[in-house]
Every structure is written in C-alpha cells, then in structure tokens.
Amino acid sequence: MDKFYLTNAALYQTLVSKFSPAPAPKSATEATKSPRAGITSSDYEVDKLFTSETTTKEIYDTLVEDLVPFAWSGGIGTLFTYGQTGSGKTFTVTGLQKLVAESLIDGSPNGERQVSLTVIDLAGNSAFDLLNARKPVSILEDSSGVTQLAGATEQPILRGRDQMISLLESAASFRRTESTFRNDASSRSHGICRIRITNPATASDGFLYLIDLAGSEAARDIASHGADRMRETREINMSLSVLKDCIRGKAESDLLSSSSLPTSKQKQPYVPIRQSALTKVLKHVFDPTESRSCKTVVIACLNPSLADVGPSKNTLRYAQMLRVHVPTADKMERDLMGGYRKVRV
Ligand SMILES: Nc1ncnc2c1ncn2[C@@H]1O[C@H](COP(=O)(O)OP(=O)(O)OP(=O)(O)O)[C@@H](O)[C@H]1O
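All values derive from a computational prediction rather than experimental measurement.

Thresholds, definitions, all that
- Residues numbered from 1 in each chain as written.
- Predicted model: local features only at pLDDT ≥ 70, side-chain atom pairs only at ≥ 80, totals over all residues.
- Helix = DSSP H or I, 4+ residues; strand = E, 2+ residues; numbered from the N terminus.
- Buried ≥ 20, exposed ≤ 12 C-beta atoms within 10 Å, placed from the backbone.
- Contact = placed C-beta atoms within 7 Å.
- pLDDT = per-residue confidence, 0-100.
- Near = placed C-beta within 6 Å.
- Nonpolar A, V, L, I, M, F, W, Y, C, P; charged D, E, K, R; others polar.
- Axes fitted to C-alpha atoms, helices over the stretch in contact; angles between N-to-C directions.
- Parallel < 35°, antiparallel > 145°, perpendicular 65-115°, else oblique.
- Left-handed = near helix turned anticlockwise from the far one by under 90°.
- UniProt positions renumbered as here; feature names shortened; annotations may be inferred.
- Core = buried A, V, L, I, M, F, W, Y, C linked by C-beta atoms within 7 Å.
- Expected span 1.5 Å × (residues − 1).
- Pairing = 2+ DSSP bridges.

Draft legend 1. Spatial organisation of the overall build of the protein. Each helix and strand in the protein was counted, giving twelve helices and eleven strands. Here the protein, with 345 residues, has 30% of them falling under the buried criterion. Look at the contacts in the protein between residues 6 or more apart in sequence, and 67% of them connect residues 24 or more apart.

This is the structure we're talking about:
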C-alpha cells in the first residue's frame, strides 16, 4: 500500500492543485436573508377557500346546493374531490352525498321525477359495482356513442331519503382500500356515484355525479411500494392528468360555442375522453357535442401540515389549472382569430 501512495503522490498533488478553493461560509445575517433559509410562499388562484373549521354543510351550501335543481331540470352536475391521500376527500364527498340525498328527496323541487342510483369503483380500467358486492362492470360504448355501464345496478329510489342514504353507506363499505403512508384506509380507486333524475313527462334525464377521486401520493411516499402499487399509482396519475385535460377542453369548447364567431372559424379544442376509463365513464360530462348543459365543481383537499407543503402545492397547481376565466367576447374573438385558441385558466 505504501508503495502505491509513493508511486501516485505526484499525480495526487497535480489533481489537488486543479481544485478551486471552497467558497467562504456566509455570515449568519446573510444566511437568514436568503430566501432559501426562510419559508417562501407561492400564490394560487382558487374561487373559494375553506378552512379546517368549515363544516360539510357550509361547503354544500356554497358549492353543491345549486347542482341539485340544475340536474333536476335536465342538466349534468358534477362534483370531484381531488387531493393528496389522507386529505379528506372521502370524508367530504360522503357528507355531501348525504346532503344531496336529503335535498333531492325531501327538498320538494318542482315537478315529478324518478331518481335512481348507481355507485361504482374504478381501478385502472376495471370497474366494480358497489351496489352489488363488487360485481365486475363493463364500460362499453353503444352504437349511438353513449357510454354504458354494462352489469351495473341502477337502483330506483322509491322509499325516500333513508333508502338512498343506506344504499350509499352500503356502497362505501364495498370500496377497496389499502394502507398508504398517509392514510390507513386509503381509497386506491375512483369512487363514482351517479344519480339519474328522469322527467317522466319528457323522458329526458338529468345527472348528478359525485366523485371521490383516488388520492395522489408524493414520490417520497411511494418509494417503498411494490411493483403493483407503483403501477396503480402511475395509472391514477395518468387518469388525473387526462381528467384535467378533459375539464379544460370542455370548458374551452363551451366558451367557443357561446362566442359570436361563425362555426367555420371555430377550431374545436381536443377533449381526450377515450384516453382513460374515468373520462370514458363520464363521457357526457365532457363530450363537446353533448346538448345538455354542464356544471362542474372541483374541491381540492389539502393536509394542513408543514410536512405536506410539497403535495399541497401540487394539488393547488392542479386546481388552478382547472379554473376557467371567462374572457370578454371581444378578447376571445381576437385570440381565436389570431390562431392561438387557448383560453387562460
Ligand atoms: N374535515 C374533517 N374532519 C374530521 N376528520 C376528517 C376530516 N377530513 C378527513 N378526516 C379524517 O381523516 C382521515 C382521512 O380522510 P379521508 O379518508 O377522507 O382522506 P382521503 O383524501 O379520502 O384519502 P385517500 O385518498 O387516501 O382515500 C379519515 O379518518 C377521516 O375521517
């Protein structure tokens, strides 16, 4: 060994002489002034802000109440809860489902309607019936392009609010859960509750979709997952990304159709409905050719903990991308004529 050092001493000295000296350490005052040393903040735009003190009823009154008469009159009302695993999505959507059931059945909106309920769970491309002990459901498209959930129970609500609430509770008990780093009973699937509201006088349907999206997981929290869980997380992230593109595409398409531009000058935005099972199931929510009007609400849930700042920022970034600013008719026309059709969101 000594011989090795002696032989290579000259080479070692040459290498050392080529290194630059390390920078002198900063003074304490400089370090505290540096933005990296303190807590930095980022701004995100959202429509409403709720705190940990807000009750589910307050969220319902602010965001969801209007969806009920809208669907009752033939529209398609959709609510998503989105966010990191363990941030309260299932808690929020479960409470909102009960309030929707009360309002639909006891709220005496105008006119006679038939209400029926379907609840499925979507993991990757596989769907399961939560009103029938997780029997598999096939997602098919019929000859007129309408998505059908073949094999899914569509339960008529004939015995009032209590029947609907007990069906929702039973469906929740069939949800597939796994333990994650953040939540012992994490829903690793998208839970889709579809309420069909049929007007017997016109034989037309309105819909309410109340959707508990699978939780996103931070990279550091999935490091210990096996290959199956990694694949599952990738599928969840892919479907959430397609969902975002569909929500934005549909909003742009609605803005276009309400503009005064002649149809020949309108370039329809691409809405990638077929790219994921989730958006296929929700086809008539996103289909630009759908004649029924749609209203979509997204609730972004955050873990109020310093350790979760990174995932919370991701959630807010996603939520912000879903906001659609309605431009003035004049500005939109200018943008469209100029060839860049993107509406700022
Ligand atoms: N607002 C709240 N008040 C009281 N408890 C809450 C609230 N939100 C969530 N919790 C509790 O926190 C835990 C995690 O919530 P929840 O299962 O709803 O999270 P999640 O976002 O659906 O998670 P995942 O994506 O992993 O399924 C649950 O035990 C739930 O009861």
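Draft legend 2. Molecular detail of the confidence of the model for the protein. Across the protein, pLDDT averages 81, with 74% of residues at or above 70. In this model, residues 328–345 is a region of pLDDT below 50 whose contacts with residues beyond four sequence positions or in other chains number 26 contacts. Quick note on the complex model: pTM equals 0.79, ipTM equals 0.96.

Draft legend 3. Local environment of the site of the ligand. Lining the immediate surroundings of the ligand are 14 residues, of which Gly88, Thr90, Phe91, Ser186 and Gly215 lie closest. For the shell around the ligand, the elements supplying multiple residues, two or more each, are helix H5 (89–106) and strand S8 (186–187). Per element, the largest residue contribution to the shell around the ligand is three residues, and it comes from H5. For the shell around the ligand, the per-class residue count stands at two nonpolar, eleven polar and one charged.

Draft legend 4. Expanded view of the packing of helix H3 (residues 56–64) against H5. Following both chains from N to C, one finds H3 and H5 inclined at 65°, their axes separated by 10 Å at the closest point. As summarised for this structure, H3 and H5 are arranged roughly perpendicular, according to the angle between their axes. For the element pair H3 and H5, the recorded crossing hand is right-handed. Across from Thr56, Lys57, Ile59, Tyr60 and Val64 in H3, the residues of H5 making contact are Thr92, Gly95, Leu96, Leu99 and Val100.

Draft legend 5. How the structure looks around the UniProt feature "binding site: ATP" (unreviewed entry) in the protein. In the UniProt entry, the feature "binding site: ATP" (unreviewed entry) is given for Gly83, Gln84, Thr85, Gly86, Ser87, Gly88, Lys89 and Thr90. Its place among the elements puts Gly83 in strand S1 (residues 76–83). Apart from the residues within four sequence positions on either side, Gly83 is in contact with Lys89, Gly215, Ala300, Cys301, Leu302 and Thr315. Locating Thr90 in the fold gives a position in helix H5. By the C-beta count within 10 Å, which is 22 here, Thr90 ends up buried.

Draft legend 6. Layout of the nonpolar core. Judged by nonpolar contacts, the single largest core of 60 residues is most densely connected at Leu79, Leu96, Val100, Ile120, Tyr209 and Leu210. Looking at this core element by element, the count peaks at six residues for helix H8 (residues 227–257). Leave out the neighbours within four places in its chain, and Tyr209 touches Thr78, Leu79, Ile192, Arg194, Leu282 and Val285.

Draft legend 7. Broad picture of helix H11 (residues 309–321). Under the 1.5 Å per step criterion, the end-to-end length of H11 is 18 Å for 13 residues, consistent within 8% with the ideal 18 Å. Turning to H11, the residues buried within the fold contact S1 and strand S11 (294–301).

Draft legend 8. Quick look at the pairing of strand S9 (residues 190–199). The element S9 is largely enclosed, with a buried count of seven among its ten residues. Of the strand pairs in this sheet, strand S2 (residues 114–123) and S9 are connected by nine bridges, and their pairing is antiparallel. What sits directly across from Leu117, in S9, is Ile195. Pairing of S9 with strand S10 (residues 204–212), which is carried by nine bridges, proceeds in the antiparallel orientation. The residue bridging Ile197 from the neighbouring strand is Gly206, located in S10. Linking two consecutive strands that pair antiparallel, namely S9 and S10, is a turn of four residues; a positive phi of about 55° is found at Ala203 within it.

Draft legend 9. Representation of the pairing of S11 within the structure. Burial runs high along S11: six of the eight residues are buried. Where S1 meets S11, eight bridges bridge the pair, whose relative direction is parallel. The residue bridging Gly83 from the neighbouring strand is Cys301, located in S11.

Draft legend 10. Examining the environment of Phe174 more closely. One can find Phe174 in the loop between helix H6 (160–173) and strand S7 (177–178). According to the C-beta neighbour criterion, Phe174 is partly exposed, with 17 such atoms within 10 Å. With 54 residues separating them in the primary sequence, Phe174 and Ile120 have C-alpha atoms 9.5 Å apart. Filtering out sequence-adjacent residues up to four positions away, Phe174 remains in contact with Leu130, Ala133 and Arg134.

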